[in-house]
2 protein chains.
Amino acid sequence: MTDEQWTPPVVLLAVDLVILTLRESRLQILLVERGIEPYKGALALPGGFLQHSEESLIAAAHRELSEEADIDVATLTLEHLGVYGDPGRDPRGRVVSVAYLAIAPWLPEPTAGTDAANAEWQAVDRVLSGELELAFDHRRIVADGVERARVKLEHSALATAFCGPTFTITDLQEVYEAVWGIRLDPRNFYRKVQKTDGFIVAAGSERKSATGRPARLFKAGPRKVLYPPMVRPTELSTQKEQQ
Amino acid sequence: MTDEQWTPPVVLLAVDLVILTLRESRLQILLVERGIEPYKGALALPGGFLQHSEESLIAAAHRELSEEADIDVATLTLEHLGVYGDPGRDPRGRVVSVAYLAIAPWLPEPTAGTDAANAEWQAVDRVLSGELELAFDHRRIVADGVERARVKLEHSALATAFCGPTFTITDLQEVYEAVWGIRLDPRNFYRKVQKTDGFIVAAGSERKSATGRPARLFKAGPRKVLYPPMVRPTELSTQKEQQ
DNA sequence: CAAATAGTGTCTGTCAGACAGTATTGA
DNA sequence: TCAATACTGTCTGACAGACACTATTTG
């Protein structure tokens, strides 16, 4: 805190949303086509400025989500992801953006005739690889969000949030495979997930597949923090050194 | 984004700093006594407003750190901790605060005759227990920072940052015990830390204690991300008795 | 010698990876 | 019957917790 004569700098506060879902066994992200400058016509994360002084950050995030993507807010849990506030990241001035992450089992196609008409799902791979260009520093935000999701999958029951209300163990395995980007042994996965107490509970019925033995259905259990965690095999070979 | 006539709300952007260190085998945090209203005279985290529009958040954090605590910035690594921006958290208006976390091996007493004269170290326990009252929502920020430090201790070589340039394995164990708030078996800790490749390397000399066999000295190894991680014992990991 | 701290060896239970084998369906 | 998917049993190696034991110092 400095002296009384000093006046604070003008800062614009925005929220950006990383909305992930699983479609066609691939991790996908919700993007919008920008309708105004800067970066008009480019793809970007849903988001926007805080609307008024009394609006909380999370409320702004929820508002943008329903405005731009026509998504039922109640079904999603938004989690703080990070702050992106470097000077120069936005040509309109000093914009500090707070990013939120949400993960959902299933989300509808963008609805024509609404603000969300220009929203679309894209495979996360295409963003991370650079095949799709994003406005501002949004690619970096996406990368942070995906890494967060991968870590959360290990230590929380998040994976069930990607599934519907009931699911088979194979469904759940496909979530891990899609988010982690690797293949898992179905037999070992089956045992592991069954013995992680409170992770999933039997739903009592079965689902027939096109061919083969019907699979038992499960639903999400009460446990939100997994012990022991689901370990991501890629860590075994990771020799990265970073701070 | 809304129409062109709309003007963005005024938001004040601040940084707050959670500076942790180990003193007398206890986890301690740097606090300052506020010199101005609101909460004049109360204890608070070091921090303050962004000074001008072109100042980056991390630069503001570094500036506050040197102004308020007279700490050499180069020795510390600041890490983004979170954003605290609820309306009403500051009576002066809408203040959004970005919190940073730093962890240091050893830090000097606050220097008299500087801006840092009213800075002081306090045991984290006393803050978390509510014995010490903090201004604003700073107790919550401290809790988040301590939990972050505990998790980082598991997966990174952070613990060596709490020690001096060389240390014994018992020194390192005391770091884990202080931050995690639990006791560890010294024999198992010894083996575990030795076989985590790249975590610590022998420094070649020994340190005599008041009594007992001298201990070998080590220094931080090249590895920053630990595999396998140091696992924090959980109440859930208690050994099951025979059925 | 005792007391104290440093460091080693080893048993045991748990668990992940590998993979052979069994169960149940539709065609 | 076969093909496909769902599930079970079991071996093995790695590792954490427990703890007896040895090593080296001061007093």
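Structure: above.
Residues numbered from 1 in each chain as written. Chains lettered and ligands numbered in written order. Predicted model: local features only at pLDDT ≥ 70, side-chain atom pairs only at ≥ 80, totals over all residues. Heavy atoms only, no water.

## Re the side chain of Arg 63 of chain B
Residues and elements named next belong to chain B. Structurally, the position occupied by Arg 63 is in helix 1 (residues 57-69). Polar side-chain contacts of Arg 63 include one of 3.2 Å to the backbone oxygen of Phe 49. Among all residues touching Arg 63, those that are not within four sequence positions of it are Phe 49, Leu 50, Gln 51 and Glu 55. (Helix = DSSP H or I, 4+ residues; strand = E, 2+ residues; numbered from the N terminus. Polar contact = N/O pair within 3.5 Å; in protein donor to acceptor, adjacent residues only side chain to side chain. Contact = heavy atoms within 4.5 Å.)

## Brief notes about the interface of chain B and chain A
Counting residues at the interface gives 42 residues for chain B and 42 residues for chain A. Regarding the contact of chain B and chain A, the summed buried area is about 3,600 Å², with carbon and sulfur atoms giving 63% of it. The interface formed by chain B and chain A holds 0 salt bridges in total. Counting across the interface, chain B meets chain A through 4 residue pairs in polar contact (both at pLDDT 80 or more). (Buried area = accessible area lost by both parts, 1.4 Å probe. Salt bridge = Lys/Arg side-chain N within 4 Å of Asp/Glu carboxyl O.)

## With respect to helix 3 (residues 138-155) of chain A
Between its first and last C-alpha atoms helix 3 of chain A spans 26 Å; for 18 residues at 1.5 Å apiece the expected length is 26 Å, and the two agree. Turning to helix 3 of chain A, its buried residues are His 138, Ile 141, Val 142, Gly 145, Val 146, Ala 149, Leu 153 and Glu 154 of chain A. (Expected span 1.5 Å × (residues − 1). Buried < 20%, exposed > 50% of the residue type's maximum accessible area, 1.4 Å probe, protein only.)

## Considerations on the protein's contact with DNA strand D
Taken together, 21 residues are adjacent to DNA strand D, and Arg 187 and Tyr 190 of chain A together with Arg 187, Asn 188 and Lys 192 of chain B come closest. The sugar-phosphate backbone supplies 61% of the atoms of DNA strand D found within 4 Å of the protein. Between DNA strand D and the protein, one listed contact pairs a sugar or linking oxygen with a side-chain N or O atom of Tyr 190 of chain A at 2.8 Å. Arg 187 of chain B has a polar side-chain atom sitting 3.5 Å from a base nitrogen of DNA strand D. Listed by contribution, the elements that provide at least two residues to the surface near DNA strand D are helix 6 (186-195) and strand 9 (215-220) of chain A together with helix 6 (186-195) of chain B. In terms of residue count, helix 6 of chain B provides more of the surface near DNA strand D than any other element does, 5 residues in total. Here the residues of the surface near DNA strand D sort into 5 nonpolar, 6 polar and 10 charged. (Near = heavy atom within 4 Å. Nonpolar A, V, L, I, M, F, W, Y, C, P; charged D, E, K, R; others polar.)

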